[in-house]
Structures are given as C-alpha cells and as structure tokens.
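Architecture and fold: a report
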Amino acid sequence: MFFVDTLEFEGLGNRSYLAGGPGEAVVVDPPRDIDQVIAAAARRGVRIAYVAETHLHNDYVSGGLELARVTGARYLVPAGASVSFARTPVADGDTVTVDRGLALRALATPGHTPHHTSYVLEEEGRGVAAFTGGSLLIGTVGRPDLVEPRLTEQLARAQHASAHRLAEELDDEVPVLPTHGFGSFCSGSQAEGDTSTIGRERKTNEALTRDVDTFVADLLAGLDDVPAYYAHMGPANAAGPAPVDLTPPRPADAAQIAQRLAAGEWVVDLRNRVAFAQGHVVGSFNFEGDGKPATYLAWLIPWGKPVTLLADTPDRIAAAQRELARVGIDRPVAAATGGPWDWVPGGVEPRSFPRATFADLAARRGRGEDVVVLDVRRDSERAGGFVAGSVHIPIHELPGRLGEVPAGEVWVHCAGGMRAAIAASFLDATGRGVVAVDDSFDAAVEAGLTLTRSSTG
C-alpha cells in the first residue's frame, strides 16, 4: 500500500507532497520551512529517504537542501539544473526505490524550465500518481516566461509536448499532483478545481485540447505580470538556501518604531484592512495577514529593505514570518503586538482614513463631486472593464508612481478590497487624502457606475 499526503501553502498558491509506503517516503518540492514536512512524516511513522525537486523554483525558496541534510535523504535534482551544491542528478527514465514495491521514476517534461522533470510514483510497475510540478497543472500549464525572454516561445512549445507525453504515458485514473496552480503566479492561467486526473486533463486541459500553434499563441497572450521577487528566487535555490531561522524577531516599542520609520525602513501592519483604516501608525503599510502578505509584500518592497512587523497577536507575527521566509525575507528586524495606541509615541494619535463601497462612489459622482478614482488591478483585469475616468496604476507599480496620482481625494479600488487597502496605506503614508473602496468590482455596475471596456485597458 502507498500513501500521498498533500501539504498546501495557500499564500503562495503551491503544494508539496509526502508520498511513500509503510516505512519510507519521498518529499516532492518541499517548502523552506521544513519543520511541518518532518512533522507530517512523523505522523505517518516513515523515514524520508528521498527529497525530489521538479525544477529550480522561481517563486519560492526551497527547503529541499536543508531537508535532505537534516534527514539524511538523497536529494534528487534534475541533471540539467545548474546548482552549487552536492545532489543526486536525475535524468529522464531514472528510477529509485522508495519502499518495497514502490518506485519513483523521473520523466523529463521541459517547458516551465528547460530542465523541468516530473516524477511518477509506481506501485509494482504501475503508475499511481504523477507529481507534475510546473508542467501539467489543473486545466493549464506552468508559465514558460520565467527563465529567459528569448526562450519563452520555445519553452511554450515544449510545455505542449510535455503535457502530451504525460497524457500518452499515463493511465486515465492517475492523479495529477502539480506544485503550482492554486493561485500561484507560476501558473500560465488560473483554472478552477483543486484535484484532477490524467483522464480529466485529456478532456479539459488547454495543452491537450488545442493544436500547438493555437495553444502557444493563447498561452503567450495570456501571460500576466511576474512578481519582482521572482528574480531572487532562482539564484537563491541554485546557490543552496541557508537554513531558515523562525525564532521571534526583536521586540520594538513605540520609540523604536518611530525611529525605524524615520530611517526609511518599512513598518508593516498585518491587521485586517478594517482595523488598519480605523487607526494605524503614520507611515506604516497594510498587508493583511489573512491575505497574501508574502506575495505582495515581497513584490513591492525594495529587496533587502529592513522590515518591522506589527500585529494584534504573536501568532500573527509568527505566521507572517514563516510566509516571508518562504520567499527569502528571512529576518524581520523587529516586531510589536497590540494595537495602534501601543505603537505610537505619547501625545501622538494614530492616523485613519475612511472605507467605502462602489455605491458610495456612485453617490459622490452623482452629486457632481470631483474625486480621483485609482484602479490598482493588473492590466489583464482592467481589460475586462474599468470605471470610466479612472486612473490606472497596477499595485506593484504604485510605490514608484505615487507622483502620477492626480491631486485631490483619491478613491482607490481593486477587485475585492485587499489590494486597495495596500494602495490606500501607501497613499496615506505620503499624506494624501484617501478612501479605500472595500467592495467587489462586480458591485460597480450594480451601483450605476459607467464601465468602459477596452482590449488594452
């Protein structure tokens, strides 16, 4: 008998897997924080005999090297990946025995990267699970543009061929177990559902239902922005990441928080956007702990900038610290818990700004009041329709383009409210009058706002 346990990381939209038999197991694409992988193996009562990477990851720092060191496991890395550490290189067709009657076979599936490798778990020679990494995802494939612009079309064609190879070599009932695709920006497009099989993908996956030229044209046309921190992940993984340190950051009092702000460091408030709008430290930025703090904070922060975390509880600090470590922001310089009155010096009041809905915005416009409407969604989102007369600056470009926001009160919106809250905090930190639209964009039409649709946004 075999088992496959899934470890989900919703913030980054990724999964890792622990799979094996009664005594030994393999871990596929482990996260930076390996303690939970070790705990999962302990619950199963198995020894981690192998750690396997499908590719050098561009969206997170791998814990594979450290997990292999700690457990004594063999570290399987695609032979074509250029790395600076000792590992067991694997090539197409290589097979290792995981447990009695249970083997792991490497299957070359280039496309997401030139060296990308999938792994098929075989029980008595029969494929029972396919760990497809960034190759065949649920309803789509991994994006091919993260390595080198000159290789993008070539890799897109390779993705098509790799998807077909998986479909041809595996039976319909074999589960497809990708690393990316659950909200990850490594996904070529976002698809619904979180489980699938080879048979289902044959019928629904764009790589398997379209000819190669149509598939490549559509895939390349649909590629969206790449988070800036991706540029640092590949080199970190190739060099061999250092062990992660999740010990609590140094506590900071109100005076120290003020000093760090004055020094130009980032102070990040992890509370929900409602609490932040009601009261916060002047100059702090709001990245909700329940949102995607790792993705958006790592995307926007100048790389290497010191960061201090604020939250209502120590658990929130610890959770954010863990997420940030996964993308290479290893040690917050300080942290503080409590509320805004605990974080500002005596005699200073927390700052606040209003929240509103699209109906409120429509009412303001209906009264003839002139306000600036700032849309911080991505280009692909705006192409589907936008509020007439709105200014467009995607959230990841806003820190460098604050001077382009027209004078006046700024009503900032996104698709649901989280990114609008981030943007509002940036504008508020510069002293601008801001209103955060905390509403679904679908409500804009219901509110009577005029939408414009354009293929270019």
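The coordinates are above.
A short tour of the structure in this document, coming up. Source: prediction; values computed, not measured.

A few words now on the packing of helix H3 (residues 152-169) against helix H6 (residues 212-221). Closest axis-to-axis distance for the H3/H6 pair is 9 Å, and the angle between their directions is 125°. It follows from the interaxial angle that H3 and H6 lie oblique. Once H3 is placed against H6, the crossing between them reads as right-handed. Between H3 and H6, the contacting residues are Thr152, Glu153, Ala156, Arg157, Gln159 and His160 on the first element and Val212, Asp213, Phe215, Val216, Leu219 and Leu220 on the second.

Pairing between sheet strands relies on hydrogen bonds along the backbone, with the strands arranged either parallel or antiparallel. The strand order S7-S8-S9-S10-S11 describes an open sheet built from 5 strands, whose pairing is mixed. Looking at which strands have only one partner, the edges of the open sheet turn out to be strand S7 (95-99) and strand S11 (176-178). Sheet twist, expressed as the mean angle between neighbouring strand axes with direction ignored, is 25°. Bridge analysis of S7 against strand S8 (residues 102-108) gives 4 bridges, and the strand direction is antiparallel. Each bridged residue has a counterpart across the sheet, and for Asp99 the counterpart in S8 is Leu102. Packed on one face of the sheet, H3 meets S8, strand S9 (117-123) and strand S10 (126-133) and runs near 145° to S8.

For the structure on display, the rule yields 37 salt bridges. Put simply, Glu369 and Arg364 hold a salt bridge, and the shortest N to O gap is 2.4 Å. For Glu369, a relative accessible area of 31% translates into the label partly exposed. A salt bridge links Asp375 to Arg382; the nearest nitrogen and oxygen atoms lie 3.0 Å apart. We classify Asp375 as buried; its relative accessible area is 0%.

Applying the stated criterion across every chain yields a total of 11 aromatic pairs. When the centroid spacing of 5.5 Å and the interplanar angle of 70° are considered together, the rings of Trp266 and Phe426 count as edge-to-face. You can see Trp266 sitting in strand S12 (residues 266-269) and its partner Phe426 sitting in helix H15 (residues 418-429), a full 160 residues away along the chain. Since its relative accessible area comes to 7%, Trp266 is described here as buried. Ring centres of Phe358 and Phe441 lie 5.8 Å apart, and the angle between their planes is 80°; this geometry places the pair in the edge-to-face category. With Phe358 in helix H13 (residues 358-366) and Phe441 in the loop between strand S21 (434-437) and helix H16 (443-446), this residue pair connects regions lying 83 residues apart in the sequence. As far as burial versus exposure is concerned, Phe358 and Phe441 are alike and both buried. Grouping aromatic residues by their ring pairs yields a cluster made of Trp266, Phe285, Phe287 and Phe426. Above the face of the Phe441 ring, Arg377 is positioned so that its terminal group lies 4.0 Å from the ring centre. Lying over the aromatic face of Phe386, Arg382 brings its terminal NZ or CZ to 3.8 Å of the ring centre.

Moving on, we come to the side chain of Arg105. In this structure, Arg105 sits in strand S8. Since its relative accessible area comes to 19%, Arg105 is described here as buried. Within the local environment of Arg105, its side chain forms a polar contact with the side chain of Glu122, the two groups lying 2.7 Å apart. When residues no more than four places from it in sequence are discounted, the contact partners of Arg105 are Gly93, Asp94, Thr95, Ser118, Tyr119, Val120, Glu122 and Glu169.

Thresholds, definitions, all that
- Residues numbered from 1 in each chain as written.
- Predicted model: local features only at pLDDT ≥ 70, side-chain atom pairs only at ≥ 80, totals over all residues.
- Heavy atoms only, no water.
- Axes fitted to C-alpha atoms, helices over the stretch in contact; angles between N-to-C directions.
- Helix = DSSP H or I, 4+ residues; strand = E, 2+ residues; numbered from the N terminus.
- Parallel < 35°, antiparallel > 145°, perpendicular 65-115°, else oblique.
- Left-handed = near helix turned anticlockwise from the far one by under 90°.
- Contact = heavy atoms within 4.5 Å.
- Pairing = 2+ DSSP bridges.
- Salt bridge = Lys/Arg side-chain N within 4 Å of Asp/Glu carboxyl O.
- Buried < 20%, exposed > 50% of the residue type's maximum accessible area, 1.4 Å probe, protein only.
- Phe/Tyr/Trp six-rings, centres within 6.5 Å; stacked < 30°, edge-to-face > 60°.
- Lys NZ or Arg CZ within 6 Å of the ring centre and 35° of its normal.
- Polar contact = N/O pair within 3.5 Å; in protein donor to acceptor, adjacent residues only side chain to side chain.

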